[in-house]
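Here is how the chains run, residue by residue.
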Amino acid sequence: MADADNGGHEQPDFEAMEETMNNVGRATLELAMNLDRMRNVPALDGGAQILEELRAMRREMADMQRTMMTRLEAADYNAVARLTNSSLAISTNAQLIALRTPRNEDVENFPMTQDDIDRANLQELNRLLDGYGLLTQGTVVVRRRQLKKYIGIVMTGI
């Protein structure tokens, strides 16, 4: 606004300046609050939360890999043991090769021969079948057949 007292130069509008400063102050406060909240956004917190999730996934994958390797080692061992047991099946007193559990562990008191399996009672058969994660159903004869078949003994005429 031109004013005759000021030689025709416009004077500052102090009310407009005050209002603008108040708006800037509010905007600065709003900006500060929202910048402070940025740490709550997972992608903007330095990736710490995402990084921790990735680390947890890596640990889980490593555990799964160990489990799979253990199972594969047991399966490899068991394949050879079954092959050996199938060739020993000709003689009922030949020493059998014990199979391993999926955790690659031995089952305690594995029967040494087919004769030992044939003499095993229901409790012993259940313990062996449970040890290998097999069902424990049926008669003693059925359970004996199941165990023999599982360890690789080829049964003919049964």
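Check the entry above for the structure.
Report on the accompanying structure.

Topic: the overall build of the chain
Summing up its helical and strand segments, the chain has five helices and zero strands in all. The helix and strand sequence of the chain, counted from the amino end, reads α-α-α-α-α. Once local pairs closer than 6 in sequence are excluded, the contacts in the chain between residues at least 24 apart make up 33%. Carbon and sulfur atoms provide 56% of the accessible area of the chain, an area that totals close to 11,800 Å².

Examining helix α4 (residues 122-131)
Turning to α4, its buried residues number three or more, namely L125, N126, L128 and L129. End-on, the buried residues of α4 take up no more than an arc of 165°, which puts them together on one face. α4 presents Q123 and D130 as exposed residues on the side facing more than 90 degrees away from its buried surface. Tucked into the core, α4 has its buried residues touching α3 (114-119) and α5 (140-151).

A look at the side chain of R143
As for its placement among the helices and strands, R143 is situated in helix α5. Put simply, R143 is tucked away with no salt bridge, and the nearest opposite charge, on D130, sits 8.0 Å away. In this structure the side chain of R143 is engaged in a polar contact, spanning 3.2 Å, whose partner is the backbone oxygen of T136.

Description of the nonpolar core
Core analysis: the biggest nonpolar cluster contains 17 residues, and F110, Y132, L147 and I151 have the highest contact counts within it. Of all elements in the fold, only α4 and α5 reach the threshold of two or more residues within this core. Each residue touching I151, except ones within four places of it in the same chain, is listed here: A81, R82, N85, L96, L99, F110 and I117.

Considering unusual backbone geometry
Of note in the backbone geometry, N104 takes a positive phi value of approximately 65° without being a glycine. Mapped onto the elements of the fold, N104 is located in the loop between α2 (48-88) and α3. Even without being a glycine, N109 presents a positive backbone phi close to 55°. Assignment of secondary structure puts N109 in the loop between α2 and α3. Look at N109 and you get exposed, because its relative accessible area is 61%.

Criteria and cut-off values
Residues numbered from 1 in each chain as written. Predicted model: local features only at pLDDT ≥ 70, side-chain atom pairs only at ≥ 80, totals over all residues. Heavy atoms only, no water. Helix = DSSP H or I, 4+ residues; strand = E, 2+ residues; numbered from the N terminus. Contact = heavy atoms within 4.5 Å. Areas by Shrake-Rupley, 256 points an atom, 1.4 Å probe, with all protein chains shown as cover. Buried < 20%, exposed > 50% of the residue type's maximum accessible area, 1.4 Å probe, protein only. Arc of directions from axis to C-beta. Lys, Arg positive; Asp, Glu negative; His and termini not counted. Salt bridge = Lys/Arg side-chain N within 4 Å of Asp/Glu carboxyl O. Polar contact = N/O pair within 3.5 Å; in protein donor to acceptor, adjacent residues only side chain to side chain. Core = buried A, V, L, I, M, F, W, Y, C linked by side-chain atoms within 4.5 Å.

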